[in-house]
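Here are the chains, one letter per residue:
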Amino acid sequence: MKILIVGSGGREHAIAWKVAQSPKVEKIYCAPGNAGIAEYAECVDIGAMEFDKLAAFAKTEQIDLTVVGMDDPLVGGIVDVFEAQGLRVFGPRKNAAILEGSKAFSKDLMKKYQIPTAAYENFDDPQKALEYLETASMPIVLKADGLALGKGVLICNTLEEAKEGVKSIMMDKKFGSAGNQMVIEEFMTGREVSVLSFVDGKTIKIMTSAQDHKRALDGDQGLNTGGMGTFSPSPFYTEEVDAFCKAQIYQKTVDAMAAEGRSFKGIIFFGLMLTEKGPRVLEYNARFGDPEAQVVLPRMKNDIVDLFEACVDGTLDQIELEFEDNAAVCVVLASKGYPVQYEKGYEIRGLERFKDQKDRFVFHAGSKFSDGKIVTNGGRVLGVTALGKDLKEARANAYRAAEWVEFDNKYCRSDIGKAIDEA
Ligand code: AMP
Ligand code: GLY
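What comes next is a walk through the structure.

Right, let's get into the overall build of the protein. Each helix and strand counted, the protein has 12 helices and 22 strands in total. C-alpha extents for the protein along the principal axes are approximately 60 × 45 × 45 Å. A total of 423 residues make up the protein; the buried ones form 58% of that total. At a minimum sequence separation of 6, the contacts of the protein that also span at least 24 residues come to 68%. If you sum the accessible surface of the protein, you get close to 17700 Å²; carbon and sulfur atoms cover 46% of it. Placing the 52 positive and 64 negative side-chain charges of the protein at their respective mean positions leaves the two points 1 Å apart.

Rendered as structure tokens:
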């Protein structure tokens, strides 16, 4: 088979790495890809939002299956464009990707189908939002409705902060049109867990759990980022939590989407908070997490192409999804200054140490070729993943392997996976 992967981050690198292990696959392309993905795939210089060009490429090259890694093209309707041209593609259609694309939609869905989540109100008028805040208790959470690169959520401790937040989201349009509507919701406390799943419209198969570290600095300080590291499984995702989510969240979400005429095929990523009252949905995403994919996929036993095909064909019920009984930790190596301001273009040295390793991998998030060298090309540069028999061992291995690579202004958190010591 010939596979085209759409995207250019660490997640797409992990997908390409896993797809490359399938005996069915003879050739992988990635648009636009990066310097790490180039080891497994021929990188094609077409942007992820250039749907017509991508579809034309898939036709010319006789691609058997296109896999979309990123949220923007999914929410923008890339799957509909491909399907309209008779091309096989893995991911939700536009009317289903709205599960991630509109927080107001997903909150209303959860309310209608009684899926546990934080209490909330939706607003499209900033004056009404400001009035509502006067009677609300603090802290409170403000969310821009649309995609905002993971930055559209504000946690406000005081009424003043919350009012400023409404102004910046809805009036100053800090996140652009993502702020045309907003959700104001109850502040919850608890552990966060990411659970990814394959969905074929009817059947859902849950992957092993993971946990992300979103803040830039140790001890969960500093600004929110795309994710500074992950571990899998989460020791806080117990059998009891799993049973609750299976009964109250996972299948209910798939059935709710089908009942709304928005049949979901692809990946549903459940962002959960384990509160005192039980698990609650924080958010849905319509794609693999980044850097969750970098710890979940290395633990997956199945041929991932079988799962992609089963989702497209509606035959997921015939597949048993299995994971290794081990653990993985991914440490993101970023450019100092991320997520605000950082420099790019520094040579990355030491990557060859990962060649032929069985339990240590380097997934590129922001890298490119320049004059025959691989150089930094983003805020998040690399994700170093290591396996171990348990989380402690995986964590030690990941930090050791993180030392193998060097580049100017390299920065990483030193406490990825440390929470497991408290488990
Ligand atoms: P989201 O993009 O909805 O996952 O929000 C980003 C982050 O904001 C989450 O990972 C949480 O850490 C935090 N967050 C979102 N909603 C809430 C909430 N209702 N209560 C507390 N924290 C929240
Ligand atoms: N790591 C969180 C996300 O992919 O949205």
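Picking up after the structure, the text goes on.
Let us now look at the pairing of strand 16 (residues 278-285). Regular strands place their side chains on alternate faces of the sheet. The buried fraction of strand 16 is high, at 8 of 8 residues. Two elements, strand 15 (residues 265-275) and strand 16, share 7 bridges in a ladder whose sense is antiparallel. By the bridge assignment for strand 16, Thr-275 is matched with Gly-278.

A few words now on the packing of aromatic side chains. Inspection of the entire model under this criterion finds 12 aromatic pairs. An angle of 55° between the planes, with centres 4.8 Å apart, marks the rings of Trp-17 and Phe-361 as tilted. Note that Trp-17 is positioned in helix 1 (residues 10-19) and Phe-361 in strand 18 (residues 360-364), a separation of 344 residues in sequence. For the pair formed by Trp-17 and Phe-361, the shared burial category is buried. Here the aromatic residues Phe-90, Phe-198, Phe-288 and Phe-308 are joined through ring pairs into a cluster of three or more. In this structure, Arg-191 packs its charged tip against the face of Phe-236, placed 4.0 Å from the ring centre.

With that settled, consider the sheet that holds strand 8 (residues 153-156). On the basis of which strands lie adjacent, the open sheet formed by 4 strands has the order 6-9-7-8 and antiparallel pairing. Among the strands making up the open sheet, the edge pair consists of strand 6 (120-123) and strand 8. In this sheet, neighbouring strand axes are inclined to one another by 20° on average, regardless of whether the strands run parallel or antiparallel. Strands strand 6, strand 7 (140-144) and strand 9 (182-186) of the sheet are contacted by helix 7 (residues 126-135), whose axis makes an angle of about 155° with strand 6.

Asp-212, Gly-226, Phe-269, Asn-285, Arg-287, Gly-289, Asp-290, Pro-291 and Glu-292 make up every residue found near ligand 2. One of the side-chain nitrogen or oxygen atoms of Arg-287 is found 2.9 Å away from an oxygen atom of ligand 2. The protein chains hide 89% of the 200 Å² of surface that ligand 2 would expose on its own. Counted by class, the shell around ligand 2 contains 2 nonpolar, 3 polar and 4 charged residues.

Here the focus is the pairing of strand 1 (residues 2-7). Most of strand 1 sits out of view: 5 of its 6 residues are buried. Both strand 1 and strand 2 (residues 27-32) contribute to a ladder of 6 bridges, which runs parallel. From the neighbouring strand, Val-6 faces strand 2, where its bridge partner is Ala-31. Handedness of the β-α-β unit built from strand 1, helix 1 and strand 2 comes out right-handed.

Around ligand 1, the surrounding shell holds 14 residues, and the nearest of these are Glu-185, Glu-186, Met-188, Glu-192 and Glu-283. Measuring from an oxygen atom of ligand 1, one finds a side-chain N or O atom of Glu-192 at 2.4 Å. The contact in question runs from an oxygen atom of ligand 1 to an N or O atom on the side chain of Lys-214, over 3.0 Å. Considering ligand 1 on its own, with 470 Å² of exposed area, one finds that the protein chains cover 91% of that surface. Mapped onto the shell around ligand 1, the elements with two or more residues apiece are strand 7, strand 8, strand 9 and strand 16.

This brings us to the sheet that holds strand 4 (residues 65-68). With parallel pairing, the 5 strands of this open sheet are ordered in space as 3-2-1-4-5. With partners counted over all chains shown, the strands left at the sheet margins are strand 3 (42-43) and strand 5 (89-90), one partner each. Sheet topology places strand 1 next to strand 4; 4 bridges connect them, and they run parallel. Bridging across to strand 4, Ile-5 finds its partner in Val-67. Lying on the sheet, helix 1 is in contact with strand 1, strand 2 and strand 4; it crosses strand 1 at an angle near 170°.

Of all hydrophobic cores here, the largest spans 44 residues; its most connected members are Val-19, Phe-198, Phe-288 and Phe-308. Looking at which element gives the most residues to this core, the answer is helix 11 (residues 304-313), with 7 residues. The residues touching Phe-308, leaving out its near neighbours within four places in the chain, are Ile-15, Val-19, Leu-65, Val-67, Phe-90, Phe-198 and Phe-288.

A few words now on the side chain of Asp-290. Structurally, Asp-290 can be placed in the loop between strand 16 and helix 10 (293-296). One buried charged side chain, Asp-290, makes no salt bridge at all; its nearest oppositely charged neighbour is Arg-380, positioned 4.0 Å away. Within polar-contact distance, the side chain of Asp-290 engages the backbone nitrogen of Arg-11 at 3.4 Å.

Now for helix 1. With respect to burial, helix 1 is a largely interior element, 10 of its 10 residues being buried. Taken as a whole, helix 1 has its buried residues at Gly-10, Arg-11, Glu-12, His-13, Ala-14, Ile-15, Ala-16, Trp-17, Lys-18 and Val-19. Those residues of helix 1 hidden inside the fold are in contact with strand 1, strand 2, strand 4, helix 10, helix 11 and strand 18.

Attention now moves to the pattern of salt bridges. Applying the stated criterion to the full structure yields 21 salt bridges. Between Glu-12 and Arg-11 there is a salt bridge, with the nearest N and O atoms lying 3.0 Å from each other. What makes Glu-12 buried here is its relative accessible area of 1%. Here Lys-24 and Asp-306 are joined by a salt bridge, their closest N and O atoms 2.0 Å apart. In this pair, Lys-24 is assigned in the loop between helix 1 and strand 2 and Asp-306 in helix 11, connecting sequence segments 282 residues apart. Accessibility expressed as a relative area gives 36% for Lys-24, which makes it partly exposed. Residue classification places Asp-306 among the partly exposed residues on the basis of a relative accessible area of 29%. Here the residues in one salt-bridge network are Asp-71, Glu-100 and Arg-287, joined through shared partners.

So, how was this worked out
- Residues numbered from 1 in each chain as written.
- Chains lettered and ligands numbered in written order.
- Predicted model: local features only at pLDDT ≥ 70, side-chain atom pairs only at ≥ 80, totals over all residues.
- Heavy atoms only, no water.
- Helix = DSSP H or I, 4+ residues; strand = E, 2+ residues; numbered from the N terminus.
- Buried < 20%, exposed > 50% of the residue type's maximum accessible area, 1.4 Å probe, protein only.
- Contact = heavy atoms within 4.5 Å.
- Areas by Shrake-Rupley, 256 points an atom, 1.4 Å probe, with all protein chains shown as cover.
- Lys, Arg positive; Asp, Glu negative; His and termini not counted.
- Charge placed at Lys NZ, Arg CZ, Asp CG, Glu CD.
- Pairing = 2+ DSSP bridges.
- Phe/Tyr/Trp six-rings, centres within 6.5 Å; stacked < 30°, edge-to-face > 60°.
- Lys NZ or Arg CZ within 6 Å of the ring centre and 35° of its normal.
- Axes fitted to C-alpha atoms, helices over the stretch in contact; angles between N-to-C directions.
- Near = heavy atom within 4 Å.
- Polar contact = N/O pair within 3.5 Å; in protein donor to acceptor, adjacent residues only side chain to side chain.
- Nonpolar A, V, L, I, M, F, W, Y, C, P; charged D, E, K, R; others polar.
- Right-handed = clockwise from strand over helix to strand, strands pointing away.
- Core = buried A, V, L, I, M, F, W, Y, C linked by side-chain atoms within 4.5 Å.
- Salt bridge = Lys/Arg side-chain N within 4 Å of Asp/Glu carboxyl O.

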